[in-house]
Amino acid sequence: MGRSKKLKNLHSVFKDKAKIIKAKFSFTNHITSSIQIAVLRATTRSARSPPPDHLISALVSFSCTTRHSAIACISTIINRLHHHYQPNAYVTLKCLLTLHHMIINGSFVLNEQISFQPMSTTSFGFLNLSRFVDDTDMQSREFSLWAQWYARFLENNLSTSTILGCYLLSKSEIEKKKENLKFSLYIDLFKEIEALVSTVEEISKAPKSLHCQKNDIIYEVTKLVGEDYRMIQYHTMIRLTELSDRVQNFSTNELNKLTRCLERLETCKERLTELFMNKRRNQSFWDLETELMAKLMWLKEDMEMKSVSLKMIEYETDQLS
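S.K.: Sorry if this is basic, but what is going on with the confidence of the model for the chain here?
M.R.: For the chain, mean pLDDT is 80; residues scoring 70 or higher make up 72% of the total. Mean pLDDT in the chain bottoms out at helix H1 (residues 2–24), which sits at 57, and peaks at helix H9 (residues 186–204), which reaches 93. Contacts of residues 119–124 to residues separated by more than four positions or lying in other chains number 5 contacts, the stretch itself having pLDDT below 50.

See below:
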């Protein structure tokens, strides 16, 4: 079994090197071939290290030149994700890491191209990794679970960004949103809160094989997801604060809807704390959630009491008549 694995890996390494040589001497556009080489080198089959910073920087630089280059970057990464020689959890995770870095650091044109990807989704999501399995050995199978989860998170992340109208890590966009939220309709705020809560729920579904987190690749994955999670908290907080200011005017249905969202958040808290080792706990976020939940419970009880009182008055009025 060990010898067979080594032979497969060796064959895959030679195949990747052949692709690099082919790209170097191809007659395609120089930038396109440079992108192909950078992606191949960033997504090696090594189980030890995430994509090197200098290759990520090179790909981000390429994507910021022209729309054609941005499209080439995304299509090359997606092609590598789905068409490497055999299912390989390390290559797949590195492709997803590269894509995530490009979402974070890429140009507006690049993020525009990425945001269009879900338009061509299959029933499994545009990254299409719900059935991905590398069964080479036990570690590969565990890393496959991380790859499936990471792909779902990135899909959810992009979908939520589309609903919010801005990328989650954009602090400047958060400030703009804070200014405009007071003019937002209830239906829009609830839709955005629903999307943010769904993303938090997806983060909390990370595999529980904590020993994998000692691996540098998984560590990089959880670090990037943790940074996104922190910004998701900020996006959620400013919307919950706005809804808290309006809560006195909510209908029973709206109170129940927001209560369910907060309950879903609460069920994620323990897992998120465990996943990020308290580093991104942001206690003020959970204090706001607890405070708003208490306010909702009080309002619901008050509305129920008023409803009961009204029914009693109606009953007594009917009896007198």
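The structure having been displayed, the exposition proceeds.
S.K.: Looking at this model, I keep getting lost on the pattern of salt bridges. Mind explaining?
M.R.: Any two side chains of opposite charge can pair, on the condition that their charged atoms come close. If you walk through the whole model with that rule in mind, you get 7 salt bridges. For Glu242, the salt bridge identified is with Arg246, shortest N-O distance 2.8 Å. Note that Glu242 and Arg246 are positioned in helix H10 (residues 216–246) at a spacing of 4 residues, about one turn of the helix. Residue classification places Glu242 among the buried positions, given a relative accessible area of 15%. What makes Arg246 buried here is its relative accessible area of 12%. The network of salt bridges with common partners includes Glu194, Glu201 and Arg264.

S.K.: Can you help me understand the packing of helix H3 (residues 53–63) against helix H4 (residues 67–83) in this one?
M.R.: Two packed helices can be described by the angle between their axes and the distance between those axes. Where H3 contacts H4, the two axes come as close as 7 Å, and the packing angle between them is 140°. The angle between H3 and H4 places the two elements in the oblique class. Residues Leu59, Phe62 and Ser63 of H3 lie in contact with H4, whose contacting residues are Ser69, Ala70 and Cys73. A per-class count over the contact of H3 with H4 returns 4 nonpolar, 2 polar and no charged.

S.K.: Explain the side chain of Glu202 to me, please; I cannot follow it from the model alone.
M.R.: Residue placement: Glu202 occurs in helix H9. Filtering out sequence-adjacent residues up to four positions away, Glu202 remains in contact with Trp149, Arg152, Phe153 and Asn156.

S.K.: Would you mind showing me how to read the packing of aromatic side chains here?
M.R.: Two aromatic rings are characterised by how far apart their centres lie and by the angle between their planes. All told, the structure shown has 8 aromatic pairs when counted by the stated rule. Relative to Phe276, the ring of Tyr229 has its centre 5.3 Å away and its plane inclined at 15°; by these criteria the two rings are stacked. Separated by 47 residues along the polypeptide, Tyr229 in helix H10 and Phe276 in the loop between helix H11 (252–275) and helix H12 (283–320) bring together distant segments of the chain. With a relative accessible area of 5%, Phe276 lands in the buried category. Taken together, Trp146, Trp149, Tyr150 and Phe153 form an aromatic cluster joined through their ring pairs.

Cut-off values and rules
- Residues numbered from 1 in each chain as written.
- Predicted model: local features only at pLDDT ≥ 70, side-chain atom pairs only at ≥ 80, totals over all residues.
- Heavy atoms only, no water.
- pLDDT = per-residue confidence, 0-100.
- Helix = DSSP H or I, 4+ residues; strand = E, 2+ residues; numbered from the N terminus.
- Contact = heavy atoms within 4.5 Å.
- Salt bridge = Lys/Arg side-chain N within 4 Å of Asp/Glu carboxyl O.
- Buried < 20%, exposed > 50% of the residue type's maximum accessible area, 1.4 Å probe, protein only.
- Axes fitted to C-alpha atoms, helices over the stretch in contact; angles between N-to-C directions.
- Parallel < 35°, antiparallel > 145°, perpendicular 65-115°, else oblique.
- Nonpolar A, V, L, I, M, F, W, Y, C, P; charged D, E, K, R; others polar.
- Phe/Tyr/Trp six-rings, centres within 6.5 Å; stacked < 30°, edge-to-face > 60°.

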